[in-house]
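# Topology and contacts: notes
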Amino acid sequence: MTVSGDFIPDGDQGFEEEAQFPTVFGLQLSPVVLGVLAALLLIGAAVLAFLNLVQPRLQERASLRQQISEREAQLSDTEELRRLIEETRAEREAAEQLQADVLELFADEESLETLLLDVNARVQSANAGVGDEDRRAVLSRFELDEGASGVITDGSLGEAVNGRLERRVYNVEIKGSFAQVQSILRSMERLQPLLTMHDFNTSLEEASRTWLISEDGSFIEGDAFSRLVTSFRLDALLPSDAPPPPLPGEEGAEGQPAEAEST
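Residues numbered from 1 in each chain as written. Predicted model: local features only at pLDDT ≥ 70, side-chain atom pairs only at ≥ 80, totals over all residues. Heavy atoms only, no water.

### Remarks on the pattern of salt bridges
Pairing between side chains of opposite charge can happen when the charged atoms of each approach one another. According to the stated counting rule, one finds eleven salt bridges in the structure shown. A salt bridge links E109 to R168; the shortest N-O distance between them is 2.6 Å. Taken together, the positions of E109 in helix α2 (residues 109–113) and R168 in strand β4 (residues 165–176) put the pair 59 residues apart, joining distant regions of the chain. For E109, a relative accessible area of 43% corresponds to the partly exposed category. Note that E166 and R168 form a salt bridge whose closest N and O atoms lie 3.2 Å from each other. A relative accessible area of 17% places E166 in the buried class. (Salt bridge = Lys/Arg side-chain N within 4 Å of Asp/Glu carboxyl O. Helix = DSSP H or I, 4+ residues; strand = E, 2+ residues; numbered from the N terminus. Buried < 20%, exposed > 50% of the residue type's maximum accessible area, 1.4 Å probe, protein only.)

### Overview of the packing of helix α3 (residues 115–125) against helix α4 (residues 178–188)
Contact pair α3 / α4: the axes reach a minimum separation of 8 Å and the direction vectors enclose 140°. Classified by the angle their axes make, α3 and α4 are oblique. The hand of the α3/α4 crossing is right-handed. Between α3 and α4, the contacting residues are V119, R122 and V123 on the first element and I184, S187 and M188 on the second. Among the residues making up the contact of α3 with α4, the classes are represented as four nonpolar, one polar and one charged. (Axes fitted to C-alpha atoms, helices over the stretch in contact; angles between N-to-C directions. Parallel < 35°, antiparallel > 145°, perpendicular 65-115°, else oblique. Left-handed = near helix turned anticlockwise from the far one by under 90°. Contact = heavy atoms within 4.5 Å. Nonpolar A, V, L, I, M, F, W, Y, C, P; charged D, E, K, R; others polar.)

### As for the nonpolar core
Core analysis: the biggest nonpolar cluster contains 22 residues, and L115, V119, F142, Y170, V172, I174 and L234 have the highest contact counts within it. Setting aside its immediate chain neighbours within four residues, L115 contacts F142, Y170, L191, L195 and L234. Counting residues in hydrophobic clusters, the runner-up holds five residues, among them F106, I152, L165 and L237. (Core = buried A, V, L, I, M, F, W, Y, C linked by side-chain atoms within 4.5 Å.)

### Observations concerning unusual backbone geometry
Here the phi dihedral of D199 falls at roughly 55°; this positive angle occurs in a residue that is not glycine. In this fold, D199 is placed in strand β5 (residues 195–204). Judged by its relative accessible area of 51%, D199 is exposed.

### Comments concerning the side chain of N127
Positionally, N127 belongs in the loop between α3 and β3 (138–151). Reaching out from N127, the side chain makes a polar contact with the backbone nitrogen of A137 at a distance of 2.6 Å. Each residue touching N127, except ones within four places of it in the same chain, is listed here: R136, A137 and Q180. (Polar contact = N/O pair within 3.5 Å; in protein donor to acceptor, adjacent residues only side chain to side chain.)

The structure is reproduced here in structure tokens:
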């Protein structure tokens, strides 16, 4: 049996019903929207967790690293400071030793007390092997010139020395042959105190003649000889006890004229 005619299915058959989702503030909460909201909530929670938990720890870690770096820098500075202190101490000790060595070159009161004996010993050393008294070298004069002695202020040894060194001036005279006088002067240069010799004057002593006695008792005229008479001034230098004069620009304000008051 054939049935003709149009077949009209029901309008709702073969189609899914359109899903119905709640709406909040005009926004339909579909699964996609809910997924996006959930993702945003997770991101927000992660950001909050980072800000509240992780970031403070990172800041604390950075602060600790900074403190460690500062401590290491302080330690390095301390070592450098120690090195500089040791270098300064070594330089000061070297300067003090140099000062002591330099001061040893100058005369002092003790060495001046024996200066006459030291010079005379040099004179006698030049007489080695000389038996004839008339041919022996002698120290005929050794006198302190008090008028020329005192603190150096005339700039003769340089302006920097003024007021810092004192000199004792001695007038010295030696008699002897040229070889003897030369030997004496050279040996005096090796004396411990710092000495300077100047104003040399040399003259020839009146000739002396030796006389010999022959076997029959008569006198025989011997060889004539003359000695050199050498005079000079001997300066012994020693540190001055007087305070040195002030350098330019170090004068005190005392005695300076006051500025005139403006009217």
